[in-house]
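# Coordinate analysis (summary)
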Amino acid sequence: MKKNLKKVVGIILSIIMILNLVACGSGNTGTNTSNSSGSPTSTESEKANTAKKVLRVAMTSDVNSLDPMMCWQVNAYYVYWTIFERLVKLNVETNELEPELAERWEIAEDGSTITFYLQKGVKWHDGKDFTAKDVKWSIERGIEKGTSNYPGVDYVEIVDDHTVVVHMIAADSVFMDKQWTGDCAMIPDGSDDNFGLKPIGTGRYKLEEWVSGDHITVSRFDDYWGEKSENDTIIFQIIPEASSRLVALEAGDVDIAPLQAADISRVSANENLTLLSTPSITVNYLYLNNEGDYFDDIKVRQAVAYAIDKQAMIEAVLEGEGTELKSIVAMGKKGYYDGMEGYTYDPVKAKELLAQSEYPNGFSCELSLRSDPLAAQLIQANLADIGIDAKINQMEAAAFNDYVGNGNSDMFLYSRSGCSADSYLYWFSSSVSGPNGNKMFYKNDRVDELLIQSHLTLDMDARNLIYKEIQEILSDETPIIPLYSATVFVGTDKRINGFSPDNESCHDFRYTYLEE
């Protein structure tokens, strides 16, 4: 069936909008309500489960929801991986897709269809069979909710209970790249918007209880279609303070805990603990409001880029455990271009550019953030050196996204991660400006055109050339400034098996257990 280019462009742009990432999204935090409804406290649960094999994991905060299409907080993925499954999974060693709920799949030579052949004998946690109806519902709901995980989809056809055909408006190069991510989880047909309070999946574990602000507990699903879990229970204990998480790990109150750089020496010195680490693919940025006063001037944006001492930030904020970045895209991701020169710390050059701008005598502006006040203070000091007075505005996470996404702040700190270059670059499309997309209100017709081309280009070498040009344009025009990626640190009991830290901090505990 022939489709004109206008329809292709319109639908592709409309269905690839989400708030974060990404794959895992950017680390928004929250402590909203849950389905506690008289559940026992953490202490009572532990007493009742002393005879069971229990894994205890520290989380930095509670989550807003356990609906993978509605909540992209880092901590939510701890639970998503245990409860839900996707059509495919990613082998992190080979970077190749492997079967999960789909036992195999076929992509038409022209990319017009993708056929998934589903595993048989899979049960939902409520005992119902997993079928093609659930796949159709999940994909259509994901599109309806405005996620970016199903780009280019025209419609979904059910062939039989275990065969689904996804019909594409046009071949889309990133569709399969996204299908392994946590927010592409399959959910039951007919699930409503309250699903996030009492989620049902097909995974190795099912939700047992959720005590808001205290813990989330999942228990082994005995009717799981694959290999059963080693644990009876996993308790995700909410411990917001970094120092308290470290103490809990040292005392054996938790078996695994995310750490800060300041913790690594104590964990390394403890013979009962193991320190694990991996370079992060989460990029920390300074966003600039390209439509507001001051930063609509490219000279001002470039001046700010030269004014910031990124290495000093890494030393102060991360105790040296991070990587300075030159590109918008995380290092090593598919589509990353490693030939970028970027902006080195050069306050003299920054002053020269500001003198050439519309604001040669400097100005006062607002710098908003949710966390990392030290990073903001360092940027504030760097900008003061060139004549820019940045007022720091630290906000609650719940209000931050709408505030900055509606153009109310001149600058703000934000982070993003994802499965490929597209996850970092698509938010520069002028079609997705606002709280759930292009928060910097950047517009460049050539970038818009190239982003569309990237989705329609199946050949990876050709697509990389497109990504390269986009990264070069963004580096020159500086709508945002890439700062650094941190190192992810996790401390574990030395008896822990089956765990590796995730480079987005969206850790997967499905196969993790404590060896007695």
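Look above for the structure.
In this report, we go over the structure that sits alongside the text. (Residues numbered from 1 in each chain as written. Predicted model: local features only at pLDDT ≥ 70, side-chain atom pairs only at ≥ 80, totals over all residues. Heavy atoms only, no water.)

One pass over the full model with this rule turns up 22 salt bridges. Note that Asp 493 and Arg 495 form a salt bridge whose closest N and O atoms lie 3.0 Å from each other. Since its relative accessible area comes to 36%, Arg 495 is described here as partly exposed. (Salt bridge = Lys/Arg side-chain N within 4 Å of Asp/Glu carboxyl O. Buried < 20%, exposed > 50% of the residue type's maximum accessible area, 1.4 Å probe, protein only.)

Before going further, it helps to spend a moment on the side chain of Glu 85. Position of Glu 85 among the secondary structure elements: in the loop between helix H3 (74-83) and strand E2 (88-91). Within the structure, Glu 85 has its side chain in polar contact with the side chain of Trp 225 (distance 2.9 Å). Leaving out residues up to four positions away in the same chain, Glu 85 has contacts with Glu 100, Leu 101, Ala 185, Met 186, Thr 202, Gly 203, Tyr 224 and Trp 225. (Helix = DSSP H or I, 4+ residues; strand = E, 2+ residues; numbered from the N terminus. Polar contact = N/O pair within 3.5 Å; in protein donor to acceptor, adjacent residues only side chain to side chain. Contact = heavy atoms within 4.5 Å.)

What follows concerns the environment of Tyr 336. On the secondary structure map, Tyr 336 appears in the loop between strand E14 (322-324) and helix H10 (347-355). According to the relative accessible area criterion, Tyr 336 is partly exposed, its value standing at 25%. When the C-alpha positions of Tyr 336 and Asn 464 are compared, they lie 7.8 Å apart, and in sequence the two are 128 residues distant. When sequence neighbours within four positions are dropped, the list of residues in contact with Tyr 336 reads Ser 327, Val 329, Ala 330, Met 331 and Gln 471.

One non-glycine residue, Glu 319, lies in the positive phi region at around 55°. Summarising the element assignment, Glu 319 is placed in the loop between helix H9 (310-318) and E14. The backbone of Thr 478 shows a phi angle near 50°, a positive value even though the residue is not glycine. Tracing the backbone shows Thr 478 in the loop between helix H15 (460-477) and strand E18 (480-493).

Packing of helix H14 (residues 445-456) against H15 brings their axes to within 9 Å, and their N-to-C directions diverge by 155°. What the angle tells us is that H14 and H15 run roughly antiparallel. With respect to the hand of their crossing, H14 and H15 are arranged in left-handed fashion. Contacts between H14 and H15 pair Arg 446, Val 447, Leu 450, Leu 451, Gln 453 and Ser 454 from the former with Arg 463, Ile 466, Tyr 467, Glu 469, Ile 470 and Ile 473 from the latter. Class assignment of the residues belonging to the contact of H14 with H15 gives a composition of seven nonpolar, two polar and three charged. (Axes fitted to C-alpha atoms, helices over the stretch in contact; angles between N-to-C directions. Parallel < 35°, antiparallel > 145°, perpendicular 65-115°, else oblique. Left-handed = near helix turned anticlockwise from the far one by under 90°. Nonpolar A, V, L, I, M, F, W, Y, C, P; charged D, E, K, R; others polar.)

This paragraph deals with the nonpolar core. If you look at the biggest cluster of nonpolar residues, it comprises 61 residues, and the most contacted ones within it are Leu 87, Phe 116, Phe 175 and Phe 236. When near neighbours in sequence (up to four residues on either side) are disregarded, Phe 236 contacts Val 57, Met 59, Tyr 78, Val 79, Thr 82, Asp 214, His 215, Ile 216, Val 218 and Phe 509. Listed in part, the 34 residues of the second largest apolar core include Leu 288, Ala 350, Ile 388 and Met 411. (Core = buried A, V, L, I, M, F, W, Y, C linked by side-chain atoms within 4.5 Å.)

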